[in-house]
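# Overview (structure and organization)
Single-letter residue listing:
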Amino acid sequence: MFSAFAVSLLLPPAPMPREKPNLVREAVMRSLPQVRAGAEGHIDKKTCFACHNQAFPMLAFATAKTRGFAVPEELFTSQALHVSNFLLENQERFRKGQGTGGQVDTAGYALLTLELAGHKPDEATEAVVEYLMKFPGKADNWRSTSNRPPTEASAFTPTYLALRGLRVWAADGQKERAKQRIPLARNWLLKTAAKDTEDRVFRLLALKEAGADDMALSAATWELLRSQRPDGGWAQLDTMESDAYATGSALVALHDAGGLKSNHPSFRAGVAFLLKTQAADGTWWVQSRSKPFQPYYESGFPHGKNQFISIAASSWATTALALACEPR
């Protein structure tokens, strides 16, 4: 069984070519304005919270900021205010265990967005934590209630989001009950196999969040690492081609939960895939696999009816590329 350190030594890390850091930074700089347009365009037209146009972009904004990219503070503030208002309007539903559309996926991504934006705990976040502890009854894990692949289809995704939400947002009177869910979820994660890239990504992230030991983390890291394609990317499904959503999310999970350094050959190969597939406008196009059930609207992000998975993909890709940049 590989340890996390051993995985990082499977191939000898090599320094990036001299021009590569500039290419990576330029790719992030081209992407950020487009992702921002989609995030701001959503709150201009909708009162609801949207994972694809808010949570994923916020991950890109927050990561880019740590690498010295100019991200306006008002962008964090406006996004957090929109999400907070949505939670406040629905706090009684959360407190009663009813939730909103999207259930744990929506609740978990909303809390993640607030966390990354630097929002402070309030009565709405406390209500969402109460909801997460009540859902889904006596089950050890959390599950998606819709089938909108890849973002709302895997049980590993809401399990990770709920674990992180409980850790970050549980109020003093909730912390003890929140801690009781961790070993139950960890046991479920350890015994449940991943079937596709979304599973592998969020199983690894959730194991880290649940405090799994090094052996379990190493095994999950290696499982995700070995599914990398010869082109340097990852695919959502084994029957699909590599794309920016799967590749970006895999690189972020491997870095944040698997301990993979950005100069590791596998990480560098993933970065090269993202650079090669980025469109001239700074975005990444990904074909939607979900059947639409809500009225279509234009958020300001390109790619028409594929814009919602594409902004999620572009955000993951931007986050991964930002991780490959040196902090400034």
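Computed from a predicted model, the values in this text were never measured in an experiment.

We now examine the packing of aromatic side chains. Any pair of aromatic rings gets described here by the distance separating the centres and the angle formed by the planes. Considering all chains together, one arrives at 11 aromatic pairs under this definition. Geometrically, the ring pair formed by Phe56 and Tyr245 is edge-to-face, given 6.4 Å between the ring centres and 80° between the ring planes. Highlighted residues: Phe56 in helix H3 (residues 51-66) and Tyr245 in helix H12 (residues 244-256), separated in sequence by 189 residues. By the burial criterion, Phe56 is buried, and Tyr245 matches it. Arranged with centres 6.3 Å apart and planes meeting at 70°, the rings of Phe202 and Trp316 form a pair that is edge-to-face. Of the two residues, Phe202 sits in helix H10 (residues 197-209) while Trp316 sits in helix H14 (residues 307-323), which places them 114 residues apart along the sequence. Classification of Trp316 by relative accessible area gives buried; the value is 5%. Seen from the ring of Phe76, Lys65 lies directly overhead, with NZ or CZ sitting 5.0 Å from the centre.

Counted under the stated rule, the structure contains 8 salt bridges. Put simply, Glu40 and Arg36 hold a salt bridge, and the shortest N to O gap is 3.0 Å. Linking Glu40 with Arg36, this pair stays in helix H2 (residues 20-45), spanning 4 residues, or about one helical turn. What makes Arg36 partly exposed here is its relative accessible area of 27%. Between Glu115 and Arg164 there is a salt bridge; the shortest N-O distance is 2.9 Å. Here Glu115 is found in helix H6 (residues 103-117), whereas its partner Arg164 is found in helix H8 (residues 156-169), with 49 residues between them in sequence.

Next up on the list: the environment of Val286. As for its position among the elements, Val286 is in the loop between helix H13 (265-277) and H14. In this structure the C-alpha to C-alpha distance between Val286 and Arg95, which are 191 residues apart in sequence, comes to 36 Å. Here Val286 is in contact with Gln236, Asp243, Ala244, Tyr245, Asn306, Ile309, Ser310 and Ala313, once residues within four sequence places are set aside.

One broad rule of soluble globular proteins: the nonpolar side chains tend to lie buried together. Grouped together as the largest cluster of nonpolar side chains are 97 residues, with contacts concentrated most on Phe61, Leu87, Tyr109, Leu132, Trp142 and Leu274. Apart from residues lying up to four places away in sequence, Leu274 is in contact with Ala244, Thr247, Leu251, Trp284, Ala317, Ala320 and Leu321.

Our next topic: unusual backbone geometry. Note the cis peptide between Phe135 and Pro136, where omega equals -5°. As for its position among the elements, Pro136 is in the loop between helix H7 (123-134) and H8. The omega torsion of the bond from Pro149 to Pro150 falls at 0°, within 30 degrees of zero and hence cis. With respect to the secondary-structure elements, Pro150 resides in the loop between H7 and H8. Positive phi values are uncommon outside glycine, yet Gln103 reaches one of about 45°. Summarising the element assignment, Gln103 is placed in helix H6. In the Ramachandran plot, His303 falls in the positive-phi region, its phi being about 90° despite a non-glycine side chain.

So, about the confidence of the model for the protein. Mean pLDDT over the protein stands at 94; residues scoring 70 or higher make up 94%. Contacts from residues 4-9, a stretch scored under 50 in pLDDT, to residues over four places away or in other chains number 11 contacts. Taken together, the stretch residues 11-19 has pLDDT below 50 and engages in 14 contacts with residues farther than four places along the chain or on a different chain.

Turning next to H3. Between its terminal C-alpha atoms H3 stretches 22 Å, which fits the 22 Å expected from 16 residues at 1.5 Å a residue. For H3, the buried fraction is high: 14 of the 16 residues fall into the buried class.

Attention now moves to H8. With 14 residues, H8 should reach 20 Å at 1.5 Å per residue; the first-to-last C-alpha distance of 20 Å fits that figure. Among the residues making up H8, those that are buried are Phe156, Thr157, Pro158, Thr159, Tyr160, Leu161, Ala162, Leu163, Arg164, Gly165, Leu166 and Trp169. Considering only its buried residues, H8 is in contact with H6, H7, helix H9 (175-191) and H10.

The rules behind these values
Residues numbered from 1 in each chain as written. Predicted model: local features only at pLDDT ≥ 70, side-chain atom pairs only at ≥ 80, totals over all residues. Heavy atoms only, no water. Phe/Tyr/Trp six-rings, centres within 6.5 Å; stacked < 30°, edge-to-face > 60°. Helix = DSSP H or I, 4+ residues; strand = E, 2+ residues; numbered from the N terminus. Buried < 20%, exposed > 50% of the residue type's maximum accessible area, 1.4 Å probe, protein only. Lys NZ or Arg CZ within 6 Å of the ring centre and 35° of its normal. Salt bridge = Lys/Arg side-chain N within 4 Å of Asp/Glu carboxyl O. Contact = heavy atoms within 4.5 Å. Core = buried A, V, L, I, M, F, W, Y, C linked by side-chain atoms within 4.5 Å. pLDDT = per-residue confidence, 0-100. Expected span 1.5 Å × (residues − 1).

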